[in-house]
Each structure stands twice: as C-alpha cells, then as structure tokens.
Amino acid sequence: MVQLPAVASSYYCRCSKCGLDRYHKVVTHTNETTVRLKCEVCGKTGNHNLEVKKSTSTAKSKGPKESKKTISAKAAAHAAEFEVFKNANNADGALTYSMKVTFKESQVVQHPKFGLGLVRSVQGDKIEVFFEDEVRFLVHGRV
Ligand SMILES: [Zn+2]
C-alpha cells in the first residue's frame, strides 16, 4: 500500500508544465495509488501516481517469447486504421472483388480471400487495397 498525502495538503514534486519542482495542492485521491495535484504556481492539475514502479527485469528475462508478441508500431497503426474503417463500413456497400470489375478510389471491396478492404488508390490497371492484414496491389478492369 502507498501512503497518499492528505487532501488539501501540499506535495512537492515536479510540475510538467513549469518543468520544475513545485509545491502542489492535493486536490483529491484518484485511486489507491494516485492523487490529483494542482501546481501552486501555474495552476496545472494532473494525476500523480505514487505507486513504486516494479522492476521490469522480470519481464525482460522472459526473453524472445515476450518480444514475439510485440506488435510493431506500424502494424498497430495499420490495425487501428482498419478498425476505424471496419466500424464505418460493412459488406453491404462492398463490391465483390474480381479482376473483371473496374474499381474506383474509396470503393469498399469484399475479397473472397482477404476479406473487407478499401481501395486507396487506382494506378492504371492496378488498385491499392487496404486489407486487415496488409495493403495489397490487385489487378482490376480486365475484360
Ligand atoms: Zn506548474
């Protein structure tokens, strides 16, 4: 357990706005380990966690098994972007993919193998499609 400073008492710590150690007024106890502080100089309020950070060495010692699970920032951004797209679109308005169909930019595509996708750009006989796993270039408009 962490001993939190009493509400309305002063707590001396670094203010992120001032960039200096300042006296802060304890506004409230947010939870068991966090207090809401108000800088007495600039008035900035913010949560301050008093919990003692546990050593990360145990997590690191797990080694490669742990790092495999780590998603790259790029993949995470891609997944987040797809989530937004998927929430805004569904298969109802989608055009089933076939190389014989001519697609337009921003067309929603239902691909039998890759699932729902969005045409990001049309480059001649190729379309750049944003799918859940990755961006693919597909042919289109082949008669
Ligand atoms: Zn401040």
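On a predicted model such as this, the values are computed, not experimentally measured, just so you know. (Residues numbered from 1 in each chain as written. Predicted model: local features only at pLDDT ≥ 70, side-chain atom pairs only at ≥ 80, totals over all residues.)

(A) Spotlight on the pairing of strand β8 (residues 126–131). In the sheet, strand β7 (residues 115–123) pairs with β8 via six bridges, with the strands oriented antiparallel. Residue pairing for β8: V119 is matched across the bridge by V129. Adjacent in sequence and paired antiparallel, β7 and β8 are bridged by two residues, among which G124 carries a positive phi angle near 65°. In terms of strand pairing, β8 meets strand β9 (residues 135–139) through five bridges, oriented antiparallel. Among the inter-strand pairings, V129 is bridged to a residue of β9, identified as R136. (Pairing = 2+ DSSP bridges. Helix = DSSP H or I, 4+ residues; strand = E, 2+ residues; numbered from the N terminus.)

(B) Just the sheet that holds strand β2 (residues 20–29), in detail. The four strands lie next to each other as β1-β2-β3-β4, forming an open sheet whose pairing is antiparallel. The open sheet terminates on both sides in strands that have one partner only, identified here as β1 (10–15) and β4 (45–49). Within the sheet, the average angular offset between the axes of one strand and its neighbour, ignoring direction, is 50°. The pairing of β2 with strand β3 (residues 34–39) spans five bridges and is classified as antiparallel. Bridge pairing in β3 links H24 to C39. (Axes fitted to C-alpha atoms, helices over the stretch in contact; angles between N-to-C directions.)

(C) Fine view of the nonpolar core. Counting residues in hydrophobic clusters, the biggest one holds six residues: Y97, V109, L118, V119, I127 and V129. Elements supplying a minimum of two residues to this core: β7 and β8. For L118, the contacting residues outside a window of four places in its chain are F85, S106, V108, V129 and F130. (Core = buried A, V, L, I, M, F, W, Y, C linked by C-beta atoms within 7 Å. Buried ≥ 20, exposed ≤ 12 C-beta atoms within 10 Å, placed from the backbone. Contact = placed C-beta atoms within 7 Å.)

(D) Fine view of the pairing of β4. Strand direction decides the pairing type here: β3 and β4, joined by five bridges, are antiparallel. Within β4, the position partnered with V35 by the bridge is H48. Taking the residues that link successive antiparallel strands as the turn, the β3-β4 hairpin has five residues, and the phi of G43 there is positive, at about 80°.

(E) The arrangement of unusual backbone geometry in detail. In this structure, A8 is a non-glycine residue whose phi angle is positive, near 80°. Considering the arrangement of structural elements, one finds A8 in the segment before β1.

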